Every structure is written in C-alpha cells, then in structure tokens.
Amino acid sequence: MSYIEVTGKTEEEAVRKALTQLGLERDDVSLEILERAKSGFLGIGGSPARIRVTYGTDEPEEKKAEPTKKVEKKPEPKAEVKKPEVRPEPKKQESKKPETRPVEKAPEQKTVTVGTCDDDNARRIREFLEGLLQHMNSPAQVNVTLEEKGRYQVTLEGEKLGQLIGRRGETLDAIQQLTNYAVNSGADKRIRVHVDAENYRAKREQSLESLARKVAGKVTKYRRSVTLEPMNAYERHVIHAALQDEPGVTTYSIGSEPNRRVVVSYDREKRQ
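Here's what I pulled together on the structure shown here.

With that settled, consider the pairing of strand 6 (residues 192–197). Within strand 6, five of the six residues are buried, leaving the element largely enclosed by the surrounding structure. Sheet topology places strand 5 (residues 151–157) next to strand 6; six bridges connect them, and they run parallel. Residue pairing for strand 6: Val-154 is matched across the bridge by Val-195.

Set out below in structure tokens:
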C-alpha cells in the first residue's frame, strides 16, 4: 500500500491534484483529510488543505474461481428398428406379420437464441455460458451483442431467472466475473463482458441514482457527510457519476473490498 500527501486551497482541489499526479480514478484510491483548508481573516492567516491519498493494495488477490468446464453431450444413439424376419410361407397357412418395435423419439435439444454478434469472442462467451447454465440447471437462453469494440453485452433470457440474479445481484456479478475470466484466459487482447438478466442492471442503476440524489439533498441541507453501505465497483461508479456535477457535494471511496463504501460530503466550493 502506497500513499502521497498533497495540498490545495480546498480539499477538492487537493484531490484533483492527487488524481492527476497518480493518473488514477477517484474510485481507485482512499482519501484521508489531514488538515482542512482555513480561509483566515481577510485572507490573512489562512492555511491550505492537506490530504493523504492511499493507492495500491495490501491484501492478496481474491482466488479466482476456475471456469466450469463445458460438459459435451454425446449424441444419443438412434433407436434401432429391427428388420422384419422373413419366414418361408408354409403351405396353405397365412404368413405371420413381422413384429416391429416403436422408434423412441430423441429428447428435444434446448435451443439457444443467437445474438446479433457471432464473432470468435461471442462464440466463446456463448459456449462458456451454455455449459455453466447447464450445470446450474437453468433454462435461460444466451444472447450476445457487441456494444463497441472489445465490449460485449450478454442478456440471459427466459422466465424465473431470480436464481441467476441473487441477492442484490451477487450471483449475476459472479457469473459475469467467471465469464470474463474464462474468455480472457490465454487471449492476446482482453475484452469486457457485461451480463444482465431481466433488465436487472438498468433497474439497479436507476435505484442507485435515486439514492444518490436523496443523500445529496441531506448533505447540502445539514452540511455533514453521509457514508453509504458497502457496494461493488460498478455500483460505486454509478454513485460517483450521478453526483459528479451536483452542486455542494463531492464523493470519494473509503475502505477495502468487499466493504468499500462511498462517502458523500459537503463541498462549500462547489456550492458557489
């Protein structure tokens, strides 16, 4: 874990200087305010803000889950139809009709919705998820689209997909993490895969944006910081983006995964 100390006329200016110097995003660092800015009297006796910016990590990387290997279905043998046994017709007797066994119908194969993208990456994504969903006994269908170069959107379609979403999207996040690990393993160029089901991501994003605006209102009204509940990187990014241009507030993250939180604090400079 490394850190730098930076000063500025305001806390926000010091944060901007530190992020520019490190070339990092606000969500990639932890901030500690060592000294708050003092304006002094008539511009005399003032002192700048001083902050400590911690970056890097001192905890071991989470053990990456091994991708589930796809279990290839062996083609089921076709039911054999016995050829009728032809017996010589006895004199003055009617020949017996040959006995035949009914042909068993092969089980119907699950159809997979083919998305608008079918390049090599899309096929690898679809192949991995089909195997994973098969092990999870899920009837969901996989649809892959290319949003932009190197960025793929996967939509799991079907009914009753709650088990694939999980509490606060935890299962969906795990599926997304496994898919990214599997398709990027051994690849020359990394791609990003976003997995969604029942439009959960969009609904969650709207909920977080509403929460951010509500908290910002309390911060500006009472002029005190509010620390939100632990969130993953995607959810923290939604909060930061929602309040980026909000007057009177600034946001930053504290803590370590999986308990990293967003702090919404009052910013007098942005209020003006």
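Going through the model one piece at a time under the given rule, you end up with 16 salt bridges. With a closest N to O distance of 2.3 Å, Arg-123 and Asp-120 form a salt bridge. Highlighted residues: Arg-123 and Asp-120, both in helix 2 (residues 120–135), separated by three residues, approximately one helical turn. Residue classification places Arg-123 among the partly exposed residues on the basis of a relative accessible area of 38%. Residue Glu-229 pairs with Arg-168 through a salt bridge whose shortest N-O separation is 3.9 Å. With a gap of 61 residues between them, Glu-229 in the loop between strand 7 (226–227) and helix 6 (233–242) and Arg-168 in the loop between helix 3 (162–165) and helix 4 (170–184) connect regions that are remote in the sequence. Exposure remark for Glu-229: the relative accessible area of 39% places this residue in the partly exposed category. Judged by relative accessible area, Arg-168 falls into the partly exposed class, the value being 31%.

About the thresholds
Residues numbered from 1 in each chain as written. Predicted model: local features only at pLDDT ≥ 70, side-chain atom pairs only at ≥ 80, totals over all residues. Heavy atoms only, no water. Buried < 20%, exposed > 50% of the residue type's maximum accessible area, 1.4 Å probe, protein only. Helix = DSSP H or I, 4+ residues; strand = E, 2+ residues; numbered from the N terminus. Pairing = 2+ DSSP bridges. Salt bridge = Lys/Arg side-chain N within 4 Å of Asp/Glu carboxyl O.

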